[in-house]
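Observations on the three-dimensional arrangement
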Amino acid sequence: MRLVVVLVLMLVLMASAIGVVYARHEGRRHFIELNQLNSERDNLNFEFGRLQLEQATWAENNRIEQIARGRLGMVAPGTTEMIETTR
């Protein structure tokens, strides 16, 4: 009977040790994944800021005016060419 109790306790001890190793391994794996995701987030934030700056540059009024004048041959109307409308 005593031998059975010792064997059961040894099995419980081994299962507990395996559980501890598995839990530590999972913790490390999740920590590595968290670091990778944080790095990816930082890279995406940097790219987003760069794209916002680029969008602001492309949307500047003087750039739009330069394109309208250069590519489309548009000019601002003179005061004699303007028509006032009232509603």
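Preceding this paragraph is the structure being described.
This write-up is about the structure you can find in this document. Along each chain, residues carry numbers from 1 onward, in the same order as the chain's sequence is written. Owing to the predicted nature of the model, reporting of local features is limited to residues with pLDDT of at least 70; listing and counting of side-chain atom pairs is limited to 80 or more, with chain, interface and lining totals taken over all residues. Excluded from the side-chain calculations are hydrogens and water; all other atoms, namely the structure's heavy atoms, are used.

Looking at the side chain of E26
Here a strand is any run of E in DSSP of at least two residues, a helix any run of H or I of at least four, and the numbering for each starts at the N terminus. Counting through the fold element by element, E26 comes out in helix α1 (residues 2–58). Relative accessible area decides the class of each residue, using a 1.4 Å probe on protein chains only: under 20% of the type maximum gives buried, over 50% gives exposed, and in between gives partly exposed. We classify E26 as buried; its relative accessible area is 16%.

Observations regarding the pattern of salt bridges
Basic side-chain nitrogens of Lys or Arg form a salt bridge, by our definition, when they fall within 4 Å of a carboxyl oxygen of Asp or Glu. Inspection of the entire model under this criterion finds five salt bridges. Note that D42 and R41 form a salt bridge whose closest N and O atoms lie 3.0 Å from each other. Here D42 falls in the partly exposed class, since its relative accessible area comes to 41%.

Quick look at a nonpolar patch on the surface
Patch membership needs two things, relative accessible area over 30% and no salt bridge, and members are linked within 9 Å if like-charged or within 5 Å if nonpolar (Val, Leu, Ile, Met, Phe, Trp, Tyr). Only the protein chains shown count as cover for residues, with accessible areas throughout obtained via the Shrake-Rupley method and a probe of 1.4 Å. Judged by side-chain polarity, M1, V5 and L9 come together as a nonpolar surface patch covering roughly 370 Å² of accessible area. Structurally, M1 can be placed in the segment before α1.

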